[in-house]
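Residues per chain, in single letters:
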Amino acid sequence: MRRKTILILGAGYSGQALARLLAGEAWRIEGTSRSEAGAAKLRRMGIQGRAMTADSFAPSALAGIDALLISVPPDDQGDPFARRLALTAPPPELTWIGYLSTTGVYGDTAGAWVDETARPNPSNPRGRRRLLAESQWFDFGARSGIAAHVFRLPGIYGPGRSALDDVRAGKARRIDKPGQVFSRIHVADIARTIAASLDRPNAGTIYNVADDLPCASAEVVAYACELLGMAPPPLIPFAEIEASLSPMGREFYADTRRVRNERIKRELGVSLQFPTYREGLRGILEAERAS
């Protein structure tokens, strides 16, 4: 049987997690980085790394590619790779496209639950750019007869990028904004969801990839401190630190929503390895101690 190849455009934290999951199975993994140093790092991980930007990307790079995962930030005109492909004919073997987007496209729901049927209403330019990029990939898939999918992600955490690391580094803050909740997802469950979609293509489908427990970030920090045997930092009223936040930080706290994840369970058969931040943080710490 011919070994399939997946190309990950922007093989960063989430893309590398997928590569680790698919390694040793029926997939050959290729990935891009903006620099040769980044591409060399991918090769050391067993990924066939290429140094590539949207400006240097040519449609011929898709020759022999069965699946394409896009994990690069959009610009004001949407996704730069989608624009490069807009007027081209993809290779016949390319049958699956996945775009990593954000649950930020839903905007502020005042804490209400949202699923994939909710009408997007992004409240900031980053969300609007992501929504435009989603439509570009869906349009390309429809024109080309390729099953295109969008994976909307909330806050991503995992080994090396969690509240445990922030607490150890003295960077963790417990910001108190009553009623504010966030959704999150462990990077391993992102990979598991994408892998399930590769096995069950469904053209034009959007998937929310979130865990089961939206909650305040202060709650996550407190639990990380408990696991590490450290005193939690004091709660800081949001009004006291709002002016000092970066523009991205202010955007982060401007929206509050709870993201439903039933579709990935029902349609893809996904069983979350880390259904809440508690299992996720414990798993990270146990793996660190075991190694």
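Here goes a summary of the coordinates provided. Every value quoted in this text rests on a predicted model; they were computed, and no experiment measured them.

Procedures and definitions
- Residues numbered from 1 in each chain as written.
- Predicted model: local features only at pLDDT ≥ 70, side-chain atom pairs only at ≥ 80, totals over all residues.
- Heavy atoms only, no water.
- Helix = DSSP H or I, 4+ residues; strand = E, 2+ residues; numbered from the N terminus.
- Polar contact = N/O pair within 3.5 Å; in protein donor to acceptor, adjacent residues only side chain to side chain.
- Contact = heavy atoms within 4.5 Å.
- Axes fitted to C-alpha atoms, helices over the stretch in contact; angles between N-to-C directions.
- Left-handed = near helix turned anticlockwise from the far one by under 90°.
- Nonpolar A, V, L, I, M, F, W, Y, C, P; charged D, E, K, R; others polar.
- Core = buried A, V, L, I, M, F, W, Y, C linked by side-chain atoms within 4.5 Å.
- Buried < 20%, exposed > 50% of the residue type's maximum accessible area, 1.4 Å probe, protein only.
- Salt bridge = Lys/Arg side-chain N within 4 Å of Asp/Glu carboxyl O.
- Pairing = 2+ DSSP bridges.
- Phe/Tyr/Trp six-rings, centres within 6.5 Å; stacked < 30°, edge-to-face > 60°.

**Let's talk about the side chain of R174**
By the element assignment, R174 lies in strand 9 (residues 174–176). Engagement of the side chain of R174 in a polar contact is seen with the backbone oxygen of P233, the distance being 3.0 Å. If we skip the residues at most four places from it in the chain, R174 touches A218, V221, A222, P232, P233, P234, L235 and I236.

**A few points about the packing of helix 7 (residues 217–228) against helix 11 (residues 277–290)**
Where helix 7 contacts helix 11, the axes come no closer than 10 Å and their chain directions differ by 35°. Two packed elements cross with a definite hand, and for helix 7 against helix 11 that hand is right-handed. On the side of helix 7, the interface is formed by E219, V220, Y223, A224, L227 and L228, while helix 11 contributes Y277, R278, L281, R282, L285 and R289. Per-class residue counts for the contact of helix 7 with helix 11 are eight nonpolar, no polar and four charged.

**Observations regarding the nonpolar core**
As a rule of thumb, soluble globular proteins bury nonpolar side chains together. Grouped together as the largest cluster of nonpolar side chains are 32 residues, with contacts concentrated most on I6, L18 and I194. If one sorts the elements of this core by residue count, helix 6 (residues 187–199) sits on top with seven residues. Apart from the residues within four sequence positions on either side, I6 is in contact with L18, L22, W27, R28, I29, E30, A67, L69 and L198. Listed in part, the 25 residues of the second largest apolar core include I70, L94, F138 and I146.

**A short note on the pattern of salt bridges**
Taken as a whole, this structure holds 16 salt bridges when the rule is applied. The partner of R28 in a salt bridge is E30, and the shortest N-O contact between them spans 2.3 Å. Looking at R28, the relative accessible area reads 31%, which means it is partly exposed. Among the salt bridges present, the one from E267 reaches R266, with a minimum N-O distance of 3.6 Å.

**Digging into the pairing of strand 11 (residues 205–208)**
The side chains of a regular strand alternate between the sheet's two faces. Across the two faces of strand 11 the burial is the same, with T205 and Y207 and I206 and N208 all buried. Where strand 7 (residues 147–153) and strand 11 come together, four bridges link them in parallel fashion. Bridge assignment links F151 to a residue of strand 11, and that residue is Y207.

**Considerations on unusual backbone geometry**
Of note, the phi angle at A110 is positive, near 60°, even though the residue is not glycine. Examined against the element boundaries, A110 turns out to sit in the loop between strand 5 (96–102) and strand 6 (113–114).

**Some thoughts on the packing of aromatic side chains**
The relation between two aromatic rings is expressed through the spacing of the ring centres and the mutual angle of the planes. By the definition in use, this model includes nine aromatic pairs. Between F182 and Y253 the ring centres are 5.4 Å apart and the planes differ by 85°, which places this aromatic pair in the edge-to-face class. Pair noted here: F182 is in the loop between strand 9 and strand 10 (184–186) and Y253 is in helix 9 (residues 247–254), with a separation of 71 residues, a long-range link. For the pair formed by F182 and Y253, the shared burial category is buried. Judged by its relative accessible area of 8%, Y253 is buried. Ring-pair connections join several aromatic residues into one group, and the members of that group are F182, F238, F252 and Y253.

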